Every structure is written in C-alpha cells, then in structure tokens.
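Structural characterization, general
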Amino acid sequence: MATQHSKTAARLMISPAVILLFLWMIVPLSMTLYFSFLRYNLLMPGMESFTGWDNYYYFLTDPAFSAALTNTILLVVGVLVITVVGGVLLALLLDQPFWGQGIVRVLVIAPFFVMPTVSALVWKNMFMNPVNGMFAHIARGLGLQPFDFLSQAPLASIIGIVAWQWLPFATLILLTALQSLDREQMEAAEMDGASALDRFLHITVPHLTRAITVVVLIQTIFLLGVFAEILVTTNGGPGTASTNITYLVYAQSLLNYDVGGGSAGGIVAVVLANIVAIFLMRMIGKNLDA
Amino acid sequence: MSRRTSASRTLIVTLAAWTIAFLIFFPILWTVLMSFKSEGDAIKAPFAMLFSDWTLQSYADVQERSNYARHFMNSVVISLGSTLVALVIAIPAAWAMAFVPGRRTKDVLMWMLSTKMMPAVGVLIPLYLIFRDTGLLDTRIGLVIVLTLINLPIVVWMLYTYFKEIPGEILEAARMDGATLGSEILYILTPMAVPGIASTLLLNVILAWNEAFWTLQLTTSRAAPLTQFIASYSSPEGLFYAKLSAASTMAIAPILILGWFSQKQLVRGLTFGAVK
C-alpha cells in the first residue's frame, strides 16, 4: 500500500518535467512540419498556400545545402579530432607531477567559460584581422605577407576558434578520467616489462574510452548547433564557404523571410541530428551501464 | 641518480605545462590588457601596445554609450531566473527517479537527454512566430521560458546523479520511524542534497549566461543579455579594439570567476555523472 502510494507520488513529481519537455518537443516541431509544406513568406502575409514537397525539393537541391552539409561535417569532425587528440595529449602532460598544477588548470579551463560571441570577436579582430591583428603584426615582423584568415580560409578559422573553446572541456574531462586510473596496475605492468607505449595502448586508452565517448557525445550536441561564432565572424561567407546547416536555416527563414523553405530546412536538420543521435545514444547508453 | 632524473623531468613537465597553459589563456589575457589602453595604442604592434600608457577610458565609454549595466542585469535575471525555475521543476522529478525508480525511469532519463539533441533551428520559426504574436519577443520572461526548457534535461540529469548517491537506507529507516513524505524531504533529504543542488545551480547559470543561439534570435535591445550586446560590436564598432576589449572583459569576468570555482562539478555535471 505504501509503495503504491509512493509510486503515485513519484509519478506526480516527475510529470511536470515530462509534460513540459514533451510540449516543448512536440508543439513547435509539429508547427515546423506544417509550415514546411506551405508556401509562406513573412513579407506576403495572408498568401499562405499548400505546396506539397516543393520546399524540400528547393532546399535539398539548392547548392547551398550540399555546401552547408559538407561544412557542418567538417566543422564537427575537425573540432572533435583537434579537441580529442589535443585533449588526450594535454591531459597526459597535466597528469604528471609539476609545479603550479592548480594555476595551470585554471588557465587551461578558462576559454570554456568565455561566451561564444566574445571569443569569436576577440579572435576575429584582435588576432585574425589582416591589418591590426596580432597574427598580421607577427607576419609583418617576420617579413611575410599578412594572411586574411576569415576570407581566405573562413571554415578553417572558425574550426580553430571553436576548437579553442572546446579543448579545455575535453582536457578537463580526460584529465579527471586519467586521475582515476589505477596506479598499482600501471606499476605492475611496468615491472612486468611493458614498454611505455604498451602501457599507454593497453591500459590508458581502454581506461579513457568511456571519457572519450562522453566528450564526443556532448561536443557533438553543441557543435551541430554552432551559430554565434559564424554570425559574428563571417556571416556564413564568403558565399557559402562557412555556412553550416544551422546558419543556412537561420538565413533562409529570418533573413529571407521564407518560412516555408526555412521550415523544410529545419526538419532536414532534425532528421540529420536524429541519425547522429541514434548512434550516440547507443554508445553512451552502453557506456553508462558499465 | 633516479632523484635527479625525476627532478629534471618535473622541470621539463613544468615548463611544457606552463607554456601550453599560457598559450591557451593568451587570447583572454590579451583582451584584458587591451581593455586598459587607448584606442590609438590598441592597434599598435604588440610590443608598442604593451608599453603604452594604461587608462580606464574604454570602460567609461562602454558604459556611457551602450548602457552595459542594463545588459548585465538582463544576463543576471535571465540566467539565474531560468536556472531557478528549472530547479523547481527538476528537483521533484530527479528525487522521484532516484528514490522511487520504476521500470521506465532509465527510458525517461534517456528520452530527456535526447530532447537536447533536437537542433534549435528545427523549432526556430514557430518559436519566433509564437513570441512575435504573444509579445514575448525581446522580453526577459520569454528568454527565461526558453532557457528553462533548454536546460531542464541537464538539470534533471545532474540532480539525478547527485541524489542517486544519497543512501536509500537512510530514507527507509526514516520511513520505519514513521516519517511522512514531507518531513522525509525536509529533514533528511534537503541537508544531504544541498551540495548537489548548489553545483547544479552554478553550472546551469554558467551555461545559461553563455547561451548564444536563442539569446541572439529572440532579443534585440530591451531584454538583450551580454551575448547580444557583444554581438552588436561585430560591426563597425568592432574596429574599436579597446572598447571591444573592455566590453568583452566585463562580459566574461563574472562567469570566469564562477567557473573557476566550479571546475570539479563541471566535469560531473556535463558528463551526466559518467565521469567523476
């Protein structure tokens, strides 16, 4: 009786969170789905009409879409590779004994707390600006021609900026995981004559798998939605050179006022994210059980 | 002999670690330094800039021209408000899932996490139109609602992992002694749960403070938090380096300090308890 009572109470306590999240998922998403089949432009109110799959057809066959898809993949994969590889190396370094560990940790984690608009603007103006930026000053000092990062290599520059923001996160998580590594096991392996490389490959790497999985999962969630960094640095340009799916949908709907087309793009983005999510949820589901 | 190698090894590691840490931190350091320079000195070559005069002029200019204080207050209200509302909704849910787990508890938790994976652009248009039609566009309350819903899954997860660590036997013992649900929560659970709730609050305030999709889409001026305020510097004021630096320094300083206090909780919170 008491358990039945507490089960009911538990359900009541969970329901507000579940209902709110369910509404948050379902109401706007079904509106987007509905709009995606309409010819609907904010500049022509009252002219909405059903248009079938046209919006999807135009969105998917637009060269901007394939460019944005490629850029999204490059951005996510590029940042993941830099942060995971860099994070493992940096965590291995910081796991050694050295002087001033506390301060070094504080300095390394700092970029993670910088808001995206600030880090993007600081890099854009103070460092990558081809006239007054620090890189330009250094290039001229060395007798080289300053490089205009954001117009010559916009996507690579944005990958660099975003990687700078996320490297601290990866490092911190991997370092935390390393610190829970069993020292005695390491020493035993060393005494048995295992080389440093062997110890790294057969003890450290398996131990870090779970942490790396988590880093990949969480960063992917955020990296698929990178927006502010693009908005304040390149506006997706030149052309579509640094437009990702998120930015493309924003441009289509709120800059071109094309609600129908933007909604179709939104649904495409949701489908793509779900494909990624299914893989990731399987991974983390397995890892969280362990 | 082995002492010597280990001392020199420590020295090498120390040098390497400090060098890398300095390089990673450098953009922030440089921004802070530049904020104390005049506009003319800020665009000089690095060394010339470093040894020019120091001034607080940029801070005065930023406050005078763009009303920094109002945007700062918007950030405080929005990040703290959305976190508190999320906590009120999430604490009962996480408590129930941790102490009265059912067959479906794990599914519910995974489903909540999956809502985080829905790309924001998928619901941008409906939300924008709903906000426009209900007058929520560019209001603090509108942003509090959106950020609450966005961060709710993370808040539930974090609290769940903290509550899970409170031994259930204590609750059972209290129940045997005839404690009611209310007194159970008030006298036993609350004192043990406060540290977890505090960490959740801290981390969530940081996430909400730095949120830069919805804050940029749904505000323009009145309710604009610091993310939007800084974005407004992207043109043409962005060329005024000293003012941009001063505005940036003021926007990141509070959260940088909070963040440094919450490093440990950050790992745990953002990995949903998978890495401790």
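Residues numbered from 1 in each chain as written. Chains lettered and ligands numbered in written order. Predicted model: local features only at pLDDT ≥ 70, side-chain atom pairs only at ≥ 80, totals over all residues. Heavy atoms only, no water.

What follows is about the overall build of chain A. Within chain A one finds 13 helices and two strands. In terms of overall dimensions, chain A is more spread out than a globule: its C-alpha atoms have a radius of gyration of 24 Å, far above the 19 Å expected for 290 residues. Overall size of chain A, expressed as C-alpha extent along the three principal axes, is 80 × 75 × 30 Å. Looking at chain A as a whole, 53% of its 290 residues are labelled buried. (Helix = DSSP H or I, 4+ residues; strand = E, 2+ residues; numbered from the N terminus. Rg over C-alpha atoms; globule rule 2.2 N^0.38 Å. Buried < 20%, exposed > 50% of the residue type's maximum accessible area, 1.4 Å probe, protein only.)

All right, on to the nonpolar core then. With 182 residues, the main nonpolar core has Phe99(B), Phe163(B) and Trp214(B) as its most contacted residues. A per-element tally of this core places helix H8 (residues 154-179) of chain A first, with 17 residues. Taken domain by domain, this core gets at least three of its residues from each of domain 1 (2-57) and domain 2 (67-232) of chain B. Not counting the four nearest positions on each side in its chain, Trp214(B) is found in contact with Ala120(B), Val123(B), Leu124(B), Leu127(B), Leu143(B), Val146(B), Ile150(B) and Thr219(B). Within the second largest apolar cluster, six residues are counted, among which are Leu38(A), Tyr40(A), Ile125(B) and Leu129(B). (Core = buried A, V, L, I, M, F, W, Y, C linked by side-chain atoms within 4.5 Å. Domains from an automatic or database assignment. Contact = heavy atoms within 4.5 Å.)

With that out of the way, let us pick up the UniProt feature "transmembrane region" (unreviewed entry) in chain A. Residues and elements named next belong to chain A. According to UniProt, the feature "transmembrane region" (unreviewed entry) maps to residues 12-37, 73-94, 106-123, 155-178, 208-228 and 264-284 in the numbering used here. Secondary structure across residues 12-37 comprises 92% helix and 0% strand; the distance between its end C-alpha atoms is 38 Å. With 100% helix and 0% strand, residues 155-178 has end C-alpha atoms that lie 32 Å from one another. (UniProt positions renumbered as here; feature names shortened; annotations may be inferred.)

Time to look at the UniProt feature "transmembrane region" (unreviewed entry) in chain B. Residue and element names in this part refer to chain B. UniProt's feature table lists "transmembrane region" (unreviewed entry) at residues 12-33, 76-96, 108-129, 141-163, 184-209 and 240-261, given in the numbering used throughout. Structurally, residues 141-163 comprises 100% helix and 0% strand, and the distance from its first C-alpha atom to its last is 30 Å. Helix makes up 100% of residues 184-209 and strand 0%. Its end C-alpha atoms lie 34 Å apart.

The next subject is the interface of chain B and chain A. The interface is formed by 94 residues belonging to chain B together with 92 residues belonging to chain A. Here chain B meets chain A over a buried area of about 8,400 Å², counting both sides, of which 82% is carbon and sulfur. Contact with chain A buries surface across chain B, with Ile24(B), Met117(B) and Ile125(B) losing the most and accounting together for 8% of the total. Applying the counting criterion to the chain B and chain A interface returns eleven residue pairs in polar contact (both at pLDDT 80 or more). (Buried area = accessible area lost by both parts, 1.4 Å probe. Polar contact = N/O pair within 3.5 Å; in protein donor to acceptor, adjacent residues only side chain to side chain.)

As assigned here, chain B comprises domain 1 (2-57) and domain 2 (67-232). For domain 1 of chain B and domain 2 of chain B, the distance between their C-alpha centres works out to 37 Å.

On to the pattern of salt bridges, then. All names here are of chain B. Evaluation of the coordinates by the stated rule reveals four salt bridges over all chains. Among the ionic pairs, Glu-39 bridges to Lys-243, the shortest N-O distance being 3.2 Å. Of the two residues, Glu-39 sits in helix H2 (residues 39-42) while Lys-243 sits in helix H13 (residues 241-261), which places them 204 residues apart along the sequence. You can call Glu-39 partly exposed: its relative accessible area is 22%. (Salt bridge = Lys/Arg side-chain N within 4 Å of Asp/Glu carboxyl O.)

Okay, the UniProt feature "domain: ABC transmembrane type-1" (unreviewed entry) in chain A next. Taking the numbering used here, the UniProt-annotated feature "domain: ABC transmembrane type-1" (unreviewed entry) corresponds to residues 69-280 of chain A. The distance from the first to the last C-alpha atom of residues 69-280 of chain A is 19 Å, and the span holds 76% helix and 0% strand.

Here the focus is the side chain of Thr204(A). For Thr204(A), the position within the fold is in helix H10 (residues 196-223). If sequence neighbours within four positions are ignored, Thr204(A) has contacts with Leu92(A), Leu178(A), Leu181(A), Met186(A) and Arg199(A).

All names here are of chain A. Together, Ile-19, Phe-22, Leu-23, Ile-26 and Val-27 make up a nonpolar patch on the protein surface, roughly 430 Å² of accessible area in all. The topology assignment puts Leu-23 in helix H1 (residues 2-35). Using a relative accessible area of 42% as the deciding quantity, one classes Leu-23 as partly exposed. (Patch = residues over 30% accessible without salt bridge, like charges linked within 9 Å, V, L, I, M, F, W, Y side chains within 5 Å. Areas by Shrake-Rupley, 256 points an atom, 1.4 Å probe, with all protein chains shown as cover.)

It is worth spelling out the confidence of the model for chain B at this point. Of the residues in chain B, 95% have a pLDDT of 70 or more, and the chain-wide mean is 84. When pLDDT is averaged over each element of chain B, helix H5 (residues 68-99) of chain B comes out on top at 91 and helix H14 (residues 263-270) of chain B at the bottom at 74. (pLDDT = per-residue confidence, 0-100.)

To continue, consider helix H6 (residues 134-141) of chain A. Regarding H6(A), the residues found buried are Met134(A), Ala136(A), His137(A) and Ala139(A). Following H6(A) by one or two positions, Gly143(A) has its phi on the positive side, about 80 degrees.

Okay, the packing of aromatic side chains next. One pass over the full model with this rule turns up 34 aromatic pairs over all chains. Seen in terms of ring centroids, Tyr34(A) and Phe35(A) are 6.0 Å apart; in terms of plane orientation they differ by 45 degrees. Their pairing is tilted. A relative accessible area of 8% means that Phe35(A) is categorised as buried. Geometrically, the ring pair formed by Trp95(B) and Phe99(B) is tilted, given 5.6 Å between the ring centres and 55 degrees between the ring planes. (Phe/Tyr/Trp six-rings, centres within 6.5 Å; stacked < 30°, edge-to-face > 60°.)

Attention now moves to the environment of Leu201(B). All names here are of chain B. Structurally, Leu-201 can be placed in helix H10 (residues 181-210). A relative accessible area of 27% means that Leu-201 is categorised as partly exposed. Residues Leu-201 and Met-158 lie 43 residues apart in sequence; the distance between their C-alpha atoms is 9.8 Å. For Leu-201, the contacting residues outside a window of four places in its chain are Thr-83, Leu-84 and Leu-87.

Here we come to the packing of helix H4 (residues 57-66) of chain B against H5(B). Residues and elements named next belong to chain B. As a packed pair, H4 and H5 sit with axes 6 Å apart at the nearest point and diverge in direction by 80 degrees. When the interaxial angle is binned, H4 and H5 end up roughly perpendicular. Of H5, the residues touching H4 (which contributes Val-62, Gln-63 and Ser-66) are Tyr-68, Ala-69 and His-71. A breakdown of the residues in the contact of H4 with H5 according to their chemical character gives three nonpolar, three polar and no charged. (Axes fitted to C-alpha atoms, helices over the stretch in contact; angles between N-to-C directions. Parallel < 35°, antiparallel > 145°, perpendicular 65-115°, else oblique. Nonpolar A, V, L, I, M, F, W, Y, C, P; charged D, E, K, R; others polar.)

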